[in-house]
Amino acid sequence: GTPGRLPKTPDAGDMVLVVNPGPQDQWEDCDKKTKGAGVAVFLNSISGGWTYELGGPLKDFEQVYYLKRVSKGWVFRAYPGKWQALVEAPDGTTIVLETYDERPLLRDVSKLVREFSFNNYGLMNDRYAKGFGGRL
């Protein structure tokens, strides 16, 4: 079919791949059009107003691969694994600070990572300022 258009109504034997759907209304439209598919996979950059929490705008979707930058670290998940709060050390390595069975709140992960980084590395863990951190 034409890029951006489904060639037919998907059925239970089909897998649908939706690449970077954009604003929430496009997510919802793609969700409606792919309801009959056996598997629907959304690959996206997760950019938009819903990024203040973890996940995308469709709450009933399972995030199977997830990587989001937070100050001084990352939130990571690879299904079926647990959610992880990762801190970046000054040498560029990452340390798992906490694992979660359920999707954590973004503000909780951000606070944990920031506080660990500051308490253990002080100001020497800033990847954006020349002279700070091991990667610059």
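Residues numbered from 1 in each chain as written. Predicted model: local features only at pLDDT ≥ 70, side-chain atom pairs only at ≥ 80, totals over all residues. Heavy atoms only, no water.

What about helix α2 (residues 106-121)?
To keep it simple, the criterion reads: The way it works is that DSSP assigns letters per residue, a run of H or I at least four long becomes a helix, a run of E at least two long becomes a strand, and they are numbered from the N terminus. In this analysis, the expected span of each helix is defined as 1.5 Å times one less than the number of residues it contains. Relative accessibility thresholds used throughout: buried, under 20% of the residue-type maximum; exposed, over 50%; partly exposed, between the two (1.4 Å probe, protein chains only). The directions from the helix axis to the C-beta atoms form the arc being described.
For α2, with 16 residues, the first-to-last C-alpha span of 22 Å sits near the 22 Å given by 1.5 Å per residue. Within α2 the residues assigned to the buried category are Leu 106, Val 109, Ser 110, Val 113 and Ser 117. Burial along α2 is one-sided: seen end-on, the buried residues are contained in an arc of 100°. Along α2, the residues that are exposed and aim more than 90 degrees away from the buried face are Arg 107, Phe 118 and Asn 119. Phi turns positive, to about 60°, at Gly 122, one or two residues after α2.

What about a nonpolar patch on the surface?
Here is the rule we go by: Patches were defined on residues exceeding 30% relative accessible area and lacking a salt bridge, with like-charge contacts within 9 Å and nonpolar side-chain contacts (Val, Leu, Ile, Met, Phe, Trp, Tyr) within 5 Å. Accessible surface is estimated by sampling points in the Shrake-Rupley manner with a 1.4 Å probe; for residues, cover comes only from the protein chains shown. Each salt bridge in this description consists of a side-chain nitrogen of Lys or Arg and a carboxyl oxygen of Asp or Glu lying within 4 Å of one another.
A cluster of nonpolar side chains, namely Met 15, Leu 17, Val 19, Val 39 and Leu 43, defines an oily patch on the protein surface of about 490 Å² accessible area. Every element with two or more residues in the nonpolar patch is listed here: β1 (15-19) and β2 (39-43). If one sorts the elements of the nonpolar patch by residue count, β1 sits on top with three residues. By secondary structure assignment, the location of Val 39 is in strand β2.

Thoughts on the nonpolar core
The line we're drawing: Buried Ala, Val, Leu, Ile, Met, Phe, Trp, Tyr and Cys residues that are joined via side-chain atoms within 4.5 Å together make up what is termed a nonpolar core.
Membership of the largest hydrophobic core is limited to ten residues, which are Tyr 66, Val 70, Val 75, Trp 83, Ala 85, Val 87, Tyr 100, Leu 106, Val 109 and Val 113. Counting residues per element, the ones that place at least two in this core are β3 (65-70), β5 (83-88) and α2. If you look at the next biggest cluster of nonpolar residues, it comprises six residues, including Val 16, Trp 27, Ala 37 and Leu 58.

As for the packing of aromatic side chains
To keep things clear, this is the line we draw: Paired rings are identified among Phe, Tyr and Trp, the last through its six-membered ring, by centres lying within 6.5 Å, and are further divided according to the angle between planes into stacked (under 30 degrees), edge-to-face (over 60) and tilted (the rest).
Taken as a whole and assessed by the stated rule, the structure comprises three aromatic pairs. With a centroid separation of 6.3 Å and an interplanar angle of 75°, the aromatic rings of Phe 116 and Tyr 121 are classed as edge-to-face. Assessed through its relative accessible area of 26%, Phe 116 is described here as partly exposed.

Focus: unusual backbone geometry
In this model, Tyr 79 is joined to Pro 80 through a cis peptide bond whose omega is 10°. Mapped onto the secondary structure, Pro 80 falls in the loop between β4 (73-78) and β5.

Structural notes on the sheet that holds strand β6 (residues 94-100)
Rule in force here: In short, DSSP must find at least two bridges between two strands for them to pair. Under this scheme, a helix contributes an axis fitted over its contacting stretch, all axes are lines through C-alpha atoms, and angles between N-to-C directions fall in the 0 to 180 degree range. Two residues qualify as a contact provided that any one of their heavy atoms is within 4.5 Å of a heavy atom in the partner residue.
If you walk across this open sheet you meet the four strands as β3-β4-β5-β6, and the pairing is antiparallel. Of all strands in the sheet, those bounded by a partner on one side alone are β3 and β6. Across the sheet, the mean angle from the axis of one strand to that of its neighbour is 20°, orientation sign disregarded. Here six bridges tie β5 to β6, and the two strands are oriented antiparallel to one another. Considered in β6, the bridge of Glu 88 is made with Thr 94. Here α2 sits on the sheet in contact with β3, β4, β5 and β6, set at roughly 30° to β5.

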